[in-house]
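Here is what each chain is made of, one letter per residue.
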Amino acid sequence: MSWSHYLELIKIDEETKRNFYLKESINSKWSVRELQRQKNSLLYERLTLSKDKEKVLELAEKGQILRTGKDLVKDPFVLEFLDIKENTKYLESDLERNILEHLKDLLLELGKGFMFVGSQVRITMEEDHFYPDLVFYNRLLRCFVIIDLKIGKITHQDIGQMQMYVNYYDRDIKSKDENKTVGILLSTEKNATVVKYTLPENNDSIYASEYKLHLPTEEELIEAIEEEKKNLELNKDN
């Protein structure tokens, strides 16, 4: 790492957080700009959202470790690099096209091990054709990752469609020695209650997450994270 990396790291007061960014800078070979971007987007806080103290400590000691599909999901994802102004009307096709133009930045936000497979990759079932928005492969988890982009609230129809995509890839595309396909519904509103009751309790393949089109202030992101923690606790109680 360069001296500029260390200058960025010493600005972080909290030791566990500083160690995490140190490990990730080394493991992921971040440039100084990438380190600054990940730090400014509160990557550490987003990753520690639902982790217990032991796993938070592991983040500091080893960096991010991918074990399951859930480890691929951040909430929220931050897509400020798309440079779409707030309150601007745009279509899902506009969002997808913009993402493809900034694919390198998206791969940085997605995290370790992602490789781009394609967009609108056709799935044919009898005479019907379906087109998942984005398909990736994660070489560390050895699984396909399908991302569908949504504007507004996620519906149960969106979840059902993603389930179909995941089932198709699991049954017809992945090889026997590869792990289960992961589906991520990325939307402006997660609609957590609909997601909770549409998916089975033992779901480990389909996840919903919100995305932000601007880089939130630290206060805004911490507030969103605290709200998500409350929702997680409520779901546990129910």
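This text goes with the structure placed above it.
Residues numbered from 1 in each chain as written. Predicted model: local features only at pLDDT ≥ 70, side-chain atom pairs only at ≥ 80, totals over all residues. Heavy atoms only, no water.

Asker: In this structure, what is going on with the pattern of salt bridges? I would like to understand it.
Answerer: Pairs can form between side chains of opposite charge once their charged atoms are near each other. In this structure the tally under the stated criterion is 15 salt bridges. Measuring nitrogen to oxygen at the nearest pair gives 2.9 Å for the salt bridge that ties Glu 8 to Lys 39. Of this pair, Glu 8 sits in helix H1 (residues 3–9) while Lys 39 is found in helix H3 (residues 32–40), placing the two residues 31 residues apart along the sequence. Both residues of the pair, Glu 8 and Lys 39, count as buried. Salt-bridge contacts for Glu 58 lead to Lys 62; the nearest nitrogen and oxygen are separated by 3.9 Å. Here Glu 58 pairs with Lys 62, and both are found in helix H5 (residues 53–62), just 4 residues apart, close to one helical turn. Assessed through its relative accessible area of 17%, Glu 58 is described here as buried. Classification of Lys 62 as partly exposed rests on a relative accessible area of 46%. Taken together, the salt bridges that share partners define one network made up of Arg 37, Arg 46, Glu 80 and Glu 109. (Salt bridge = Lys/Arg side-chain N within 4 Å of Asp/Glu carboxyl O. Helix = DSSP H or I, 4+ residues; strand = E, 2+ residues; numbered from the N terminus. Buried < 20%, exposed > 50% of the residue type's maximum accessible area, 1.4 Å probe, protein only.)

Asker: Looking at this model, I keep getting lost on H5. Mind explaining?
Answerer: Every buried residue of H5 is listed here: Val 56, Glu 58, Leu 59 and Ala 60. Where H5 ends, the next residue or the one after it, Gly 63, has phi of about 85°, a positive value.

Asker: Please explain the layout of surface pockets as it appears in this structure.
Answerer: By rolling a water-sized probe across the atoms, one finds the places where empty space is left. Within this model, the second largest pocket holds a volume of roughly 400 Å³. Along the wall of the second largest pocket there are 19 residues; nearest its centre are Ser 28, Trp 30, Gly 111, Lys 112 and Gly 113. Every element with two or more residues in the lining of the second largest pocket is listed here: helix H2 (15–27), H3 and helix H7 (103–110). A per-element tally of the lining of the second largest pocket places H7 first, with 3 residues. (1 Å grid on protein atoms, 1.4 Å probe; cavity = no way out; pocket = protein on both sides within 12 Å on 5 of 7 lines; lining within 4 Å. Points joined across faces, edges and corners; volume = space filled by probe spheres on them.)

Asker: What is the right way to read the environment of Thr 124 from this model?
Answerer: Here Thr 124 shows up in strand S3 (residues 123–125). Assessed through its relative accessible area of 33%, Thr 124 is described here as partly exposed. The sequence separation of Thr 124 and Tyr 168 amounts to 44 residues, and the corresponding C-alpha distance is 9.7 Å. Once you skip the residues sitting within four places of it in the chain, Thr 124 turns out to touch His 129 and Tyr 168. At 2.9 Å, the side chain of Thr 124 forms a polar contact with the side chain of His 129. (Contact = heavy atoms within 4.5 Å. Polar contact = N/O pair within 3.5 Å; in protein donor to acceptor, adjacent residues only side chain to side chain.)

Asker: Honestly, the nonpolar core in this entry has me stumped. Any pointers?
Answerer: Note that soluble globular proteins tend to have their nonpolar side chains buried in a common cluster. Core analysis: the largest hydrophobic core is formed by 28 residues, its most contacted members being Leu 95, Leu 106, Phe 136, Val 145 and Ile 147. Breaking this core down by element, the ones donating at least two residues are helix H6 (92–101), H7, strand S5 (134–138), strand S6 (143–153), strand S7 (182–189) and strand S8 (206–212). In terms of residues, this core owes the most to one element, S6, which gives 4 residues. Residue contacts for Val 145: discarding those within four places in its chain leaves Leu 72, Phe 114, Leu 134, Val 135, Phe 136, Asn 138, Val 182 and Ile 184. Counting 17 residues, the second largest nonpolar core, distinct from the first, contains Ile 123, Ile 146, Met 162 and Tyr 165. (Core = buried A, V, L, I, M, F, W, Y, C linked by side-chain atoms within 4.5 Å.)

Asker: Got a minute to help me understand the packing of aromatic side chains in this structure?
Answerer: Each aromatic ring pair is specified by the distance between its two centres and by the angle formed by the two planes. According to the stated counting rule, one finds 8 aromatic pairs in the structure shown. Taking 5.4 Å as the distance between ring centres and 50° as the angle between the ring planes, the aromatic pair formed by Phe 20 and Tyr 44 counts as tilted. Taken together, the residues Phe 20 in helix H2 and Tyr 44 in helix H4 (residues 43–47) connect sequence positions 24 residues apart. No difference in accessibility class separates Phe 20 from Tyr 44, as the two residues are buried. Taken together, a centroid distance of 6.5 Å and an interplanar angle of 45° make the contact between Tyr 21 and Trp 30 tilted. Of the two residues, Tyr 21 and Trp 30, both sit in the buried class. (Phe/Tyr/Trp six-rings, centres within 6.5 Å; stacked < 30°, edge-to-face > 60°.)

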